[in-house]
Amino acid sequence: MGQINPQIHESWKNILSEEFSSPYFLGLKDFLVEEKKTYVVYPAGANIFQAFNRTPFEKVKVVVIGQDPYHGEGQAHGLCFSVPAGIAFPPSLQNIFRELQTDTGLPYPVTGDLSRWAAQGVLLMNATLTVRANQAGSHQGRGWEIFTDAVIRKLSAQRSHLVFLLWGNYARDKKSLIDLSKHYVLEAPHPSPLSVYRGFYGCKHFTKANEILVQNGITPVDWRVDRTE
């Protein structure tokens, strides 16, 4: 198998071309082809690179790193922590919205679709981009982490003044990939019910990220989730 031609925005395709032709990625593609013969895999193929398609490389201003896609039916659509409109909010997303409400004063959202953030330059990237239905972590260690680490390195090397929101130990481990002399890192415990009271509540990452962006002459993020036409 030669070069893979993924359904991903041209800006990322150019930046990550070496990854798509590397042996590990070819092996990952083969794994997914075999996996789909036997199991349901989330998200749907067209949504695997949704975070990148919604947020082109040159538009990124904030990076949120999740671990795995949601593994329940109808939940995962390619943006970490996000669910499509009409889907019940998973516990971590509920906690994110509670902190958003407390931090910014915005009303609690009625939709869990974070596409509005992505459109403004918030890269909502899981470290592993696929999962087997109802089996959390089932696609870890298959190559996705190599790919998404490469994404972080490319952003760190080729962009400046990005704000990385690292929630939980898994995301915090990615700090070593980031050039701290030109980027900003905000760390907090994971928003899951198990750790949200250890410092995620009260972290004020939404307003802090915007303060950093403004200090660097970058348009802040309008953190409203719901569409306001």
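This report concerns the structure included in the present document. (Residues numbered from 1 in each chain as written. Predicted model: local features only at pLDDT ≥ 70, side-chain atom pairs only at ≥ 80, totals over all residues. Heavy atoms only, no water.)

### Overview of helix 7 (residues 144-158)
The criterion, for reference: Every helix listed is a DSSP run of H or I at least four residues long, and every strand listed is a run of E at least two residues long, numbered separately from the N terminus. The span you would expect from a helix comes to 1.5 Å times its residue count less one. Classification of residues uses two cut-offs on accessible area relative to the type maximum, computed with a 1.4 Å probe and protein chains only: under 20% is buried, over 50% is exposed, and between them is partly exposed.
Between its first and last C-alpha, helix 7 extends 21 Å over 15 residues, near the 21 Å set by a 1.5 Å rise per residue. When we look at burial in helix 7, the residues that qualify are Trp144, Glu145, Phe147, Thr148, Asp149, Ala150, Val151, Ile152, Leu155 and Ser156.

### A closer look at the pairing of strand 2 (residues 62-66)
Basically, it comes down to this: Two strands are said to pair when DSSP picks up at least two bridges between them.
Most of strand 2 is tucked away, with five of its five residues classed as buried. Side chains of strand 2 alternate between two faces, with Val62, Val64 and Gly66 and Val63 and Ile65 buried alike. Bridge count between strand 2 and strand 3 (residues 122-126): five bridges; the pairing is parallel. Of the residues in strand 3, the one forming a bridge with Gly66 is Asn126. Pairing geometry for strand 2 and strand 5 (residues 163-167), over three bridges, is parallel. When the sheet's bridge partners are listed, Val62 is paired in strand 5 with Val163.

### Details of the sheet that holds strand 5
Applicable threshold: All axes here are fitted lines through C-alpha atoms, helices being fitted over the stretch that makes contact, and every angle between N-to-C directions spans 0 to 180 degrees.
Across the sheet, four strands lie side by side as 3-2-5-6; this open sheet has parallel pairing. Only two strands of the sheet have a single partner each, and these edge strands are strand 3 and strand 6 (184-188). The sheet shows a mean angle of 20 degrees between the axes of neighbouring strands, direction not considered. As judged from the five bridges shared by strand 5 and strand 6, these two strands associate in the parallel manner. Residue pairing across strands places Trp167 opposite Ala188, the latter belonging to strand 6.

On their own, these measurements won't tell you what the molecule is for.
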